[in-house]
Amino acid sequence: RNALSFHAQVMVLNYEDNQMTVGQVLTLHCHSASVNCAVKWIRLGENDPEERRTRRTRDPNRPITVTGGNACETLLQPLEGICLETYSDCTKMGRFVLRDNDRTVAVGVVA
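Being a predicted model, the structure only gives us computed values, none of them experimental.

Calculation criteria
Residues numbered from 1 in each chain as written. Predicted model: local features only at pLDDT ≥ 70, side-chain atom pairs only at ≥ 80, totals over all residues. Heavy atoms only, no water. Helix = DSSP H or I, 4+ residues; strand = E, 2+ residues; numbered from the N terminus. Contact = heavy atoms within 4.5 Å. Areas by Shrake-Rupley, 256 points an atom, 1.4 Å probe, with all protein chains shown as cover. Phe/Tyr/Trp six-rings, centres within 6.5 Å; stacked < 30°, edge-to-face > 60°. Buried < 20%, exposed > 50% of the residue type's maximum accessible area, 1.4 Å probe, protein only. Salt bridge = Lys/Arg side-chain N within 4 Å of Asp/Glu carboxyl O. Core = buried A, V, L, I, M, F, W, Y, C linked by side-chain atoms within 4.5 Å. Pairing = 2+ DSSP bridges. Axes fitted to C-alpha atoms, helices over the stretch in contact; angles between N-to-C directions.

Visitor: Is there a simple way to explain the overall build of the protein in this structure?
Guide: Each helix and strand in the protein was counted, giving one helix and ten strands. The order of helices and strands in the protein, counted from the N terminus, is β-β-β-β-β-α-β-β-β-β-β. Contacts in the protein between residues far apart in sequence, at least 24 positions, make up 68% of those at least 6 positions apart. Of the accessible surface of the protein, which amounts to about 6800 Å², a share of 47% is contributed by carbon and sulfur atoms.

The following block contains the structure:
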């Protein structure tokens, strides 16, 4: 299916100084396609390390940054057309990698 935007479950890799923020443009690699995409929103939910550490809810005005080793749900918007399958429909075609400057930042599945 041609995706104008899609929901994804993403795991930011835990090495170097990997992080992902709203508005960041990353390169999406899915099967043989490579396309730039923008991160539109991030939802940490129960996986928010700040909420676990401080036991308080996050300030909604503060931007969310996901650091290495943490998982989140995101809305990604490809800047060009790309054809994707959901992970539940086809497990091998529903996986992708997000890279920034030839460095792998995160891996994920299309929800």
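Visitor: Mind showing me how you'd approach the packing of aromatic side chains here?
Guide: Aromatic ring pairs are defined here through the distance separating the ring centres and the angle between the ring planes. Counted by the stated rule, this structure contains one aromatic pair. Note on F6 and F96: the rings are 6.0 Å apart at their centroids and 80° apart in plane angle, and the pair reads as edge-to-face. Linking F6 in strand β2 (residues 6-12) with F96 in strand β9 (residues 95-100), this pair joins segments that are 90 residues apart in sequence. A residue is classified by how much of its surface remains accessible, and F6, at 6% relative accessible area, is buried.

Visitor: Can you help me understand the pattern of salt bridges in this one?
Guide: Between side chains of opposite charge, a pair can form when the charged atoms approach closely. For the structure shown, the criterion picks out two salt bridges. Between D17 and R103 there is a salt bridge; the shortest N-O distance is 3.2 Å. Here D17 is found in the loop between β2 and β3 (19-21), whereas its partner R103 is found in strand β10 (residues 103-110), with 86 residues between them in sequence. For D17, a relative accessible area of 54% translates into the label exposed. On the basis of relative accessibility, which here comes to 27%, the residue R103 falls in the partly exposed class. The partner of R43 in a salt bridge is E73, and the shortest N-O contact between them spans 2.6 Å. Placement of R43 in strand β5 (residues 33-43) and of E73 in strand β7 (residues 71-78) is noted, with a sequence separation of 30 residues between them.

Visitor: I keep staring at the nonpolar core and nothing clicks. Help me out?
Guide: Nonpolar side chains in soluble globular proteins tend to be buried together. One finds F6, V10, M20, I42, L76, F96 and L98 to be the most contacted residues of the largest nonpolar core, which totals 25 residues. Elements represented by at least two residues in this core include exactly β2, β4 (25-30), β5, β7, β9 and β10. Ignoring sequence-local partners within four residues, the contact set of V10 consists of M20, N70, A71, C72, T74, F96, L98, A106, V107 and G108.

Visitor: Even after reading the chapter, I still don't get the sheet that holds β10, so can you show me in this structure?
Guide: Judged by pairing direction, the barrel is antiparallel, and its six strands sit side by side in the order β2-β7-β5-β4-β9-β10 before closing back on the first. Shown here is a sheet whose adjacent strand axes are inclined to one another by a mean of 45°, direction ignored. Judged from the six bridges that link them, β5 and β7 form a sheet pairing that is antiparallel. The residue of β7 that forms the bridge with R43 is E73.

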